[in-house]
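Structural overview for review
Chain by chain, the residues run as shown.
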Amino acid sequence: MTSPSEQNKKYTFRFSGTKIIFSRSPHETEFHVYAKALVYALFHKRYPTIRVEAKIDDRFQPDLSAEDYDGTMILWAECGHVSFTKIEKLFKKYRKAHFVFVKEEREIPLFKKQLDKM
């Protein structure tokens with residue numbers, strides 16, 4: 001893993017011989033980048049079609065996603081803040097998908113409470 005330079009804000013990670021570059025947008029925190037790398041590390045073997053910030057034909061865009069070979073969404077990952085309106089719509093639309101939410105530790109209790117209400 002290499003550190004980002006302040007100019008390009010890119011982070012490089014290696015997973016099983018594959019080099020993945022994560023770009024950090026000005027509005028993203030370092031946590032967001034490392035959270036995406038964590039999701040990739042945990043799920044790249046289970047979901048070989050996993051992609052980072054891939055544009056999909058949807059109003060909402062995932063941080064990471066994977067589609068089955070027939071185009072069915074099978075993984076949707078969100079790192080950091082995500083609205084519950086968005087989550088409700090995603091749950092209805094992608095019923096077969098495995099959803100992953102990565103939060104900072106201090107955000108987990110409230111997020112879990114709100115998710116349980118859904």
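Quick note: structure is the one above.
The sections below set out a description of the structure shown in this document. In this text, all values refer to a predicted model and were calculated from it rather than measured experimentally.

Residues Arg59, Lys89, Lys92 and Arg95 make up a contiguous surface patch of positive charge. Structurally, Arg59 can be placed in the loop between β3 (51-52) and β4 (64-67).

Time to look at helix α2 (residues 84-93). Each turn of an α-helix holds 3.6 residues, which means side chains three or four residues apart point in the same direction. Among all positions in α2, only Phe84, Lys86, Ile87 and Leu90 are buried. Buried positions in α2, seen along its axis, are confined to an arc of 150 degrees and lie on one side of it. Opposite the packed face of α2, turned more than 90 degrees from it, sit the exposed residues Lys92 and Lys93. Of the surrounding secondary structure, the elements contacted by the buried residues of α2 are β5 (73-79), β6 (98-102) and α3 (108-117).

With that out of the way, let us pick up helix α1 (residues 30-43). Compared with an ideal rise of 1.5 Å per residue, which puts 14 residues at 20 Å, α1 spans 20 Å between its outermost C-alpha atoms and is within 8% of the ideal. Of all the positions in α1, only His32, Val33, Ala35, Lys36, Ala37, Val39, Tyr40 and Phe43 are classed as buried. Tucked into the core, α1 has its buried residues touching β1 (10-15), β2 (18-23), β3, β4, β5 and β6.

A few words on the packing of α2 against α3. It is the contact of α2 with α3, at a shortest axis distance of 11 Å, that shows an interaxial angle of 45 degrees. Considering the angle they form, α2 stands oblique to α3. By crossing handedness, the relation of α2 to α3 is classed as right-handed. Between α2 and α3, the residues in contact are Phe84, Ile87 and Phe91 and Phe111, Gln114 and Leu115, respectively.

Let us look at the environment of Tyr40. By secondary structure assignment, the location of Tyr40 is in helix α1. Note on Tyr40: relative accessible area 9%, which makes it buried. Put simply, Tyr40 and Ile87 are 47 residues apart on the chain and 20 Å apart in space, counted from C-alpha to C-alpha. Discounting residues that sit within four places of it in the chain, Tyr40 has contacts with Phe15, Thr18, Ile20, Phe22, Ile50, Val52 and Leu64.

Looking now at the pattern of salt bridges. If you walk through the whole model with that rule in mind, you get 7 salt bridges. Salt-bridge contacts for Glu28 lead to Lys36; the nearest nitrogen and oxygen are separated by 3.2 Å. Accessibility classification places Glu28 together with Lys36 in one group, the buried group. In this structure, the salt-bridge partner of Asp116 is Lys112, at a minimum N-O distance of 2.9 Å. Here Asp116 pairs with Lys112, and both are found in helix α3, just 4 residues apart, close to one helical turn.

Cut-offs and rules
- Sequence order as written defines the numbering, with residues in each chain counted from 1.
- At least 70 in pLDDT is required for a residue's local features to be given in this predicted model, at least 80 for side-chain atom pairs to be given and counted, and no such filter applies to totals for whole chains, interfaces and linings, which use all residues.
- Side-chain metrics rest on all non-hydrogen atoms present in the structure, leaving aside hydrogens and water.
- Patch membership needs two things, relative accessible area over 30% and no salt bridge, and members are linked within 9 Å if like-charged or within 5 Å if nonpolar (Val, Leu, Ile, Met, Phe, Trp, Tyr).
- For every accessible area listed, the method is Shrake-Rupley and the probe measures 1.4 Å; residues are considered covered only by the protein chains on display.
- Salt bridges are identified by distance alone: a Lys or Arg side-chain nitrogen within 4 Å of an Asp or Glu carboxyl oxygen.
- The charge count includes Lys and Arg as positive and Asp and Glu as negative, but it does not include His or the ends of the chains.
- In plain terms, the charge of a residue is placed at NZ if it is Lys, CZ if Arg, CG if Asp and CD if Glu.
- Helix numbering and strand numbering both begin at the N terminus, where a helix is a DSSP run of H or I of at least 4 residues and a strand a DSSP run of E of at least 2.
- The buried label goes to any residue with under 20% of its type's maximum accessible area, the exposed label to any with over 50%, and the partly exposed label to all in between, with areas taken from a 1.4 Å probe on protein chains only.
- The arc in question is formed by the directions pointing from the helix axis toward the C-beta atoms.
- Throughout, a residue-residue contact means that at least one pair of heavy atoms, one from each residue, lies within 4.5 Å.
- Helices are assigned an expected span. That span is 1.5 Å times one less than the residue count.
- Each axis is a line fitted through C-alpha atoms, taken for helices only over the stretch in contact, and angles between the N-to-C directions span 0 to 180 degrees.
- Working rule for angles: under 35 degrees goes down as roughly parallel, over 145 as roughly antiparallel, 65 to 115 as roughly perpendicular, anything else as oblique.
- Two helices cross in a left-handed way if the nearer one is turned anticlockwise from the farther one by less than a right angle. They cross in a right-handed way if the turn is clockwise.

These figures capture arrangement, not role.
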